[in-house]
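Letter by letter, the chains look like this.
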Amino acid sequence: MMTNSRIIIIMVLSVLPRLSHAQGHAAAVEPLSSDEQALVLSLSPLNLPSKDPTNELSGNELAISFGRSLFFDKRLSASSTQACASCHDPTLSWTDGKAVPEGGSRNTPSLWNVAYNRWYSWDGGADTLWAQAIRPIENSKELGLDRFALAKRIYNNNDLRRGYETVHGRLSEPFCASDSATTNNTCADPERADATKVLVNVAKSLAAYLETIISTSSAFDKFAEGLRTGNADAVQSYPEAASRGLKVFLRSNCHLCHSGPNFTDGEFHDIGVYPKDGTLPTDSGRFEGINVLAESEFRSDGGHSAAADPKLRFIRAGPDVWAQFKTPSLRNVLLSAPYMHNGQFATIDDVINHYSNATRSTYRHVHLESTVKPLHLTSVDRSNLIAFLESLTDPVLVQKGKLRR
Amino acid sequence: MSIDEERQTKGVLLCFLWYMAISTFDLASSAATVDGCRTSVASWMTAPTNSNSFAVKFATIPAAVPRNQLFRIVAWVDGRAEVEELRASAEMQAHQHGMTTKPIAQRCSDGSFQIDGMLFHMPGVWTIYFDIRSRGVVERAQMDLVVR
């Protein structure tokens, strides 16, 4: 009997350190090195974005107000059953909460902090926020409202017309317009130009509103600010598990792509998110995005833009950009599941598993990001990493109960 | 027309065609000439070409390469022969990829080159390559830069 009790006691004692370690109480968190501190300070603060030079309505209060009303208005779709907010639901962190929308193949990205983006959509098929806003309006798989029908819809609805004219001036009656998308090819050039102008104006008002969807505050930002100013209380109030997770984040080189105060480099990478059945990727990502951009009538160097964006001059196409997708921001990331361009991972644990277990043998593509190597994270590492990612959530959003977690 | 006259005419014609070809090349390579590139630089880095025929002296603008922002390079080439063309590119050898951009080089009126569209989108060691075409041969100079 005594022997059995001793064995049990010894077993319990041997497990306790592991439990306490798992809970983050085993030892004090090792202080950040000077290099790590520099990296932390490069990730915060996220200052307010500057105005978009390509959009003359950027920051315009009237346009923001009109754009906000349009964003939630189902009359912006051909069927009058879908609004922008139908897929970018603010209560779902501006996503639809689905892996991919019905009829689509790519995950609906969150709209948090879109004003900071260099490229838009997973493939960078648009180079400005307003040009991106045009894509779902005319896309038959999304809102499906062609520019002629849009002009008529706005003209024929007093509240929409009033809102439009408040921002953009008088709207002439669109002569070549019907709710049928088939009118697209039968309208004369001047009429097409008028309708295109309405489309661009609507998109620029939408963009002015989208620029205001900003989240810059999190527990991590308070920690970084404490580090910057020497405020020990602010540093110490940062959750211990998040501190450990921060070290995992840096040690694992996550910051190479998720860099800067918006936790993204805004560029494109192949991180080996391929079909689960082992076949090669069929979504060409950036490869086709460059083609889409090249053929777009709404590029920032075109006649609809208020200013040319110099980045367009230096676009580099090539076979190596096949299946590359844009790095998403990590701010509020725990609120925007499922994850990845194809919504392949239902939870953040699945994402971490991908990075933890990734092996070269699963890679069948020629130009993946070679820094993506199996991290072999322990369960403690994983939980700490999630604690760190949780510290990137804007607490105001959670307190207000606006967002599902 | 005598044989000599015919030869002379052919020679003049060939010279003319050769001159036109050279002129066309010059026009193409100097069409976007920019002024006074070198005067904007205070200090230079030097990278010899692999065969030591040339030395590329270059500077980044701004001097500290910004992470994930477009920056410019001003470069001029010290060597024994005329430089017909200079191209710049860069890659992260540890990542096995290069930039997401394709830089554009322009010849400057002072003989140097201005290269726009450089973008080091990730922190780490980047190797800059300068490819110099001279007398139909391309030589490469390279240097590592660290971006934090």
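Right above here is the structure, for reference.
Worth saying up front: this structure is predicted, and the values here are computed from it rather than measured.

K.L.:
Could you give an account of the overall build of chain B, with specific residues and numbers?
P.N.:
Counting its secondary structure elements, chain B contains one helix and nine strands. Overall, chain B shows an N-to-C arrangement of helices and strands of α-β-β-β-β-β-β-β-β-β. Looking at chain B alone, contacts between residues at least 24 apart form 59% of all its contacts between residues at least 6 apart. With the model as given, the accessible surface of chain B reaches about 8300 Å², and the carbon-plus-sulfur share is 55%.

K.L.:
An account of the overall build of chain A is needed here, citing residue identities and associated values.
P.N.:
Of the regular secondary structure elements, chain A holds 15 helices and two strands. When the 405 residues of chain A are sorted by exposure, 48% land in the buried category. Within chain A, contacts between residues at least 6 apart in sequence are counted, and of these 73% link residues at least 24 apart.

K.L.:
Quick rundown of helix α3 (residues 61–71) of chain A? Include the residues and the values.
P.N.:
All names here are of chain A. If you check which residues of α3 are buried, you get Ala63, Ile64, Phe66, Gly67, Leu70 and Phe71. Its buried side turned inward, α3 meets α4 (84–87), α7 (158–168) and α8 (189–210). The N-capping residue of α3, defined by a side-chain oxygen 2.8 Å from the backbone nitrogen of Leu62, is Asn60.

K.L.:
Please give an account of the sheet that holds strand β8 (residues 124–134) of chain B that cites residues and values.
P.N.:
Residues and elements named next belong to chain B. What the four strands build is an open sheet, ordered β5-β4-β8-β9; its pairing is antiparallel. Each edge of the open sheet carries a strand with a single partner, namely β5 (97–98) and β9 (137–147). Relative to β5, strand β4 (residues 85–92) is paired through two bridges, and the arrangement is antiparallel. Among the inter-strand pairings, Glu91 is bridged to a residue of β5, identified as Gly98.

K.L.:
Explain the interface of chain A and chain B residue by residue, including any values.
P.N.:
Contact residues are listed per partner, giving 21 residues for chain A and 20 residues for chain B. Summed over both partners, the interface of chain A with chain B buries about 1700 Å², with 52% contributed by carbon and sulfur atoms. Among the residues chain A hides against chain B, the three largest losses belong to Leu256, Phe314 and Arg316 of chain A. Together they make up 33% of the total. Counting the contacts that link chain A with chain B gives zero salt bridges.

K.L.:
Before we move on, could you go through the nonpolar core and cite the residues and values that matter?
P.N.:
All names here are of chain A. Ranked by internal contacts, the top residues of the largest apolar core, which has 46 residues, are Phe71, Val202 and Leu206. Those elements that place two or more of their residues in this core are α3, α4, α5 (129–138), α6 (147–156), α7 and α8. Dropping the residues within four chain positions of it, Leu206 is found in contact with Gly67, Leu70, Phe71, Leu76, Cys84, Ala133 and Ile137. Residues Ala242, Val248, Leu330 and Ile348 belong to the second largest nonpolar core, which totals 32 residues.

K.L.:
So what about the packing of aromatic side chains? Which residues, and what values?
P.N.:
Residue and element names in this part refer to chain A. Throughout the structure, instances matching the rule amount to 19 aromatic pairs over all chains. Judged by centre distance (5.0 Å) and plane angle (75 degrees), the ring pair of Phe71 and Phe72 falls under edge-to-face. According to the relative accessible area criterion, Phe71 is buried, its value standing at 2%. We classify Phe72 as partly exposed; its relative accessible area is 41%. The ring of Tyr155 is capped by Arg161, whose NZ or CZ atom sits 4.2 Å from the centre of that ring. Across from the ring centre of Trp119, 4.6 Å away, lies the NZ or CZ of Arg286, which sits over that ring.

K.L.:
Explain the sheet that holds strand β1 (residues 45–48) of chain B residue by residue, including any values.
P.N.:
Picture the strands of a sheet paired through backbone hydrogen bonds; they go either parallel or antiparallel. Residues and elements named next belong to chain B. The strand order β1-β2-β3-β7-β6 describes an open sheet built from five strands, whose pairing is antiparallel. Two strands lie at the open edges of the sheet, namely β1 and β6 (104–107), each paired on one side alone. In this sheet, adjacent strand axes meet at a mean angle of 25 degrees when their direction is disregarded. Looking at chain direction, strand β3 (residues 70–79) and strand β7 (residues 113–119) are connected through five bridges and run antiparallel.

K.L.:
Just give me the short version of helix α9 (residues 219–229) of chain A, but keep the residues and values in it.
P.N.:
Within the span of α9 of chain A, buried status applies to Phe220, Asp221, Phe223, Ala224 and Gly226 of chain A. Of the surrounding elements, those touching the buried residues of α9 of chain A are α2 (34–42), α10 (232–236), α11 (240–251) and α14 (379–390) of chain A.

K.L.:
Kindly report on the state of the cysteines, identifying the contributing residues and their values.
P.N.:
The bond known as a disulfide is covalent and runs between the sulfur atoms of two cysteines. With the rule as written, the count across this model stands at one disulfide over all chains. Through a disulfide, Cys37 of chain B is tied to Cys108 of chain B; the S-S separation comes to 1.8 Å. The S-S bond linking Cys37 of chain B to Cys108 of chain B shows a torsion near -85 degrees; that makes this disulfide left-handed. You can see Cys37 of chain B sitting in the loop between α1 (3–30) and β1 and its partner Cys108 of chain B sitting in the loop between β6 and β7, a full 71 residues away along the chain. A residue is classified by how much of its surface remains accessible, and Cys37 of chain B, at 2% relative accessible area, is buried. Its sulfur unpaired, Cys84 of chain A is 9.0 Å from the next cysteine sulfur, which belongs to Cys87 of chain A. Unpaired in this structure, Cys254 of chain A has its nearest cysteine sulfur neighbour in Cys257 of chain A, at a distance of 9.2 Å.

K.L.:
Describe the side chain of Thr100 of chain B, listing the residues and the values that go with them.
P.N.:
Relative to the assigned elements, Thr100 of chain B resides in the loop between β5 and β6. Residue classification places Thr100 of chain B among the buried positions, given a relative accessible area of 18%. Among residues more than four places away in sequence, those in contact with Thr100 of chain B are Glu267, Phe314 and Arg316 of chain A together with Leu119 and His121 of chain B.

K.L.:
Describe unusual backbone geometry, listing the residues and the values that go with them.
P.N.:
In the segment running from Ser44 of chain A into Pro45 of chain A, the intervening peptide bond is cis, with an omega of 0 degrees. Considering the arrangement of structural elements, one finds Pro45 of chain A in the loop between α2 and α3. The phi torsion at Phe263 of chain A lies on the positive side, around 55 degrees, for a residue other than glycine. The residue Phe263 of chain A is located in the loop between α11 and β1 (268–269) in this model. Residues other than glycine seldom take positive phi values, yet Gln96 of chain B does so here, at roughly 60 degrees. Locating Gln96 of chain B in the fold gives a position in the loop between β4 and β5. Judged by its relative accessible area of 52%, Gln96 of chain B falls in the exposed class.

Rules used throughout
Residues numbered from 1 in each chain as written. Chains lettered and ligands numbered in written order. Predicted model: local features only at pLDDT ≥ 70, side-chain atom pairs only at ≥ 80, totals over all residues. Heavy atoms only, no water. Helix = DSSP H or I, 4+ residues; strand = E, 2+ residues; numbered from the N terminus. Contact = heavy atoms within 4.5 Å. Areas by Shrake-Rupley, 256 points an atom, 1.4 Å probe, with all protein chains shown as cover. Buried < 20%, exposed > 50% of the residue type's maximum accessible area, 1.4 Å probe, protein only. Polar contact = N/O pair within 3.5 Å; in protein donor to acceptor, adjacent residues only side chain to side chain. Pairing = 2+ DSSP bridges. Buried area = accessible area lost by both parts, 1.4 Å probe. Salt bridge = Lys/Arg side-chain N within 4 Å of Asp/Glu carboxyl O. Core = buried A, V, L, I, M, F, W, Y, C linked by side-chain atoms within 4.5 Å. Phe/Tyr/Trp six-rings, centres within 6.5 Å; stacked < 30°, edge-to-face > 60°. Lys NZ or Arg CZ within 6 Å of the ring centre and 35° of its normal. Axes fitted to C-alpha atoms, helices over the stretch in contact; angles between N-to-C directions. Disulfide = S-S within 2.5 Å.

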